[in-house]
Amino acid sequence: TVCAYDRAGHGRSEPADGPQDGIAIAADLHALLDGAGVAGPYVLVAHSSGGPYVRVFASRYPDAVAGVVLLDAQPADAFTALPDYPATYRGLQLIYGLSPSLARTGLLAPILGLPADQSTAAAARNARDELAVLPDALEQAKALTSLDDRPLVVVTAGTGPQAGWLAAQEVMAGMSTNSVHRIIASATHVSLITGVEAADA
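Residues numbered from 1 in each chain as written. Predicted model: local features only at pLDDT ≥ 70, side-chain atom pairs only at ≥ 80, totals over all residues. Heavy atoms only, no water.

**Q** Help me out: how do you make sense of helix H4 (residues 85–104) in this one?
**A** One full turn of an α-helix is made of 3.6 residues, so residues set three or four places apart face in the same direction. Its 20 residues give H4 an end-to-end C-alpha distance of 29 Å, which sits within 8% of 28 Å, the value for a rise of 1.5 Å per residue. Leucine 98 marks where H4 bends most, by close to 35 degrees; the proline proline 100 follows one to four residues later. Restricting attention to buried positions, one finds in H4 the residues Tyr85, Tyr89, Ser99, Pro100 and Ala103. Buried residues along H4 sit against helix H3 (78–81), helix H5 (108–112), helix H6 (121–132) and helix H7 (134–141). Residue glycine 106 follows H4 closely and has a positive phi angle near 80 degrees. (Helix = DSSP H or I, 4+ residues; strand = E, 2+ residues; numbered from the N terminus. Expected span 1.5 Å × (residues − 1). Bend = angle between axes of the 7 residues up to and from the residue. Buried < 20%, exposed > 50% of the residue type's maximum accessible area, 1.4 Å probe, protein only. Contact = heavy atoms within 4.5 Å.)

Structure representation (structure tokens):
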């Protein structure tokens, strides 16, 4: 059984009452799986900023996790392991701070090239709020330092990584004694999950 879901405030899910850190997101997923009657343990698969959320889930519900797959996942120590990330984060804060207003005027979709369901004012507010508490989620993700011998697959996009990214991916692969780290040379951060070639690889 394979399940995919939209976090609160994303896609078809209702918005949360406020900004959700990694603990709140992990608790939501745990409650969702339980409420849906999807029995564990689970192999958790996460892309990008989903990586820290999966790590929080695994640290809080270790018996529910059979294995983890990280697809070009953001490292928990992004602010120190990636030299350019602090400046990138400040830029994102500026863009996401303006995005609710841009969405209300209809300019967000054409400026950022977003689909309609991701360019509403509500979606923009949610993205802004999630970015605001991302540093907290990254700190919370550091609680998971080892998966012991549970399977861990780290898949990294080899095209266009920022400084320090490849080394940080290798460090994440070290969280399990039963891990594999694959670099898909032709994949970018986005095409890793959207491109047919990358998916085939």
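**Q** Could you clarify how one ought to interpret the pattern of salt bridges in this entry?
**A** If the charged atoms of two oppositely charged side chains come close together, the side chains can form a pair. This structure, assessed with the given rule, holds three salt bridges. With a closest N to O distance of 3.1 Å, aspartate 129 and arginine 128 form a salt bridge. When its relative accessible area of 23% is taken as the criterion, aspartate 129 is described as partly exposed. With relative accessibility at 31%, the residue arginine 128 sits in the partly exposed group. Measuring nitrogen to oxygen at the nearest pair gives 2.8 Å for the salt bridge that ties lysine 142 to glutamate 139. (Salt bridge = Lys/Arg side-chain N within 4 Å of Asp/Glu carboxyl O.)

**Q** What exactly am I supposed to notice about the packing of helix H2 (residues 50–60) against H7 here?
**A** To characterise two packed helices, one gives the angle between the axes of the helices and the distance between these axes. Close contact between H2 and H7 brings their axes to 8 Å; oriented N to C, the two are set at 45 degrees. The pairing of H2 with H7 is recorded here as oblique in orientation. The interaxial crossing formed by H2 with H7 has left-handed handedness. Residues Pro52, Tyr53, Arg55 and Val56 of H2 pack against Leu134, Ala137, Leu138, Gln140 and Ala141 of H7. Across the contact of H2 with H7, the residue classes tally to seven nonpolar, one polar and one charged. (Axes fitted to C-alpha atoms, helices over the stretch in contact; angles between N-to-C directions. Parallel < 35°, antiparallel > 145°, perpendicular 65-115°, else oblique. Left-handed = near helix turned anticlockwise from the far one by under 90°. Nonpolar A, V, L, I, M, F, W, Y, C, P; charged D, E, K, R; others polar.)

**Q** Quick question: what am I supposed to make of the sheet that holds strand E4 (residues 179–184) here?
**A** Strand order in the open sheet formed by four strands is E1-E2-E3-E4, and the pairing between neighbours is parallel. Sheet topology places strand E1 (42–47) and E4 at the edges, where each strand pairs with a single neighbour. Between one strand and the next, the sheet's axes are offset by a mean angle of 15 degrees, whatever the strand orientation. Taken together, the six bridges between E1 and strand E2 (residues 65–71) define a ladder with parallel strand orientation. Within E2, the position partnered with alanine 46 by the bridge is leucine 70. Across the sheet, helix H8 (residues 165–173) is in contact with E2, strand E3 (152–157) and E4; its angle to E3 comes to roughly 170 degrees. (Pairing = 2+ DSSP bridges.)

**Q** What exactly am I supposed to notice about the side chain of glutamine 169 here?
**A** Among the secondary structure elements, glutamine 169 is positioned in helix H8. Within the structure, glutamine 169 has its side chain in polar contact with the side chain of threonine 156 (distance 3.1 Å). With near-sequence residues (within four places) excluded, glutamine 169 lies in contact with Asp72, Ala73, Val154, Val155, Thr156 and His181. (Polar contact = N/O pair within 3.5 Å; in protein donor to acceptor, adjacent residues only side chain to side chain.)

**Q** Please explain a nonpolar patch on the surface as it appears in this structure.
**A** Taken together, Ile95, Leu107, Ile111 and Leu112 make up a surface patch of nonpolar side chains, about 350 Å² in accessible area. With respect to the helices and strands, leucine 112 occurs in helix H5. Given a relative accessible area of 43%, leucine 112 falls into the partly exposed group. (Patch = residues over 30% accessible without salt bridge, like charges linked within 9 Å, V, L, I, M, F, W, Y side chains within 5 Å. Areas by Shrake-Rupley, 256 points an atom, 1.4 Å probe, with all protein chains shown as cover.)

It is worth stressing that arrangement in space is one thing and function is another; only the former is reported here.
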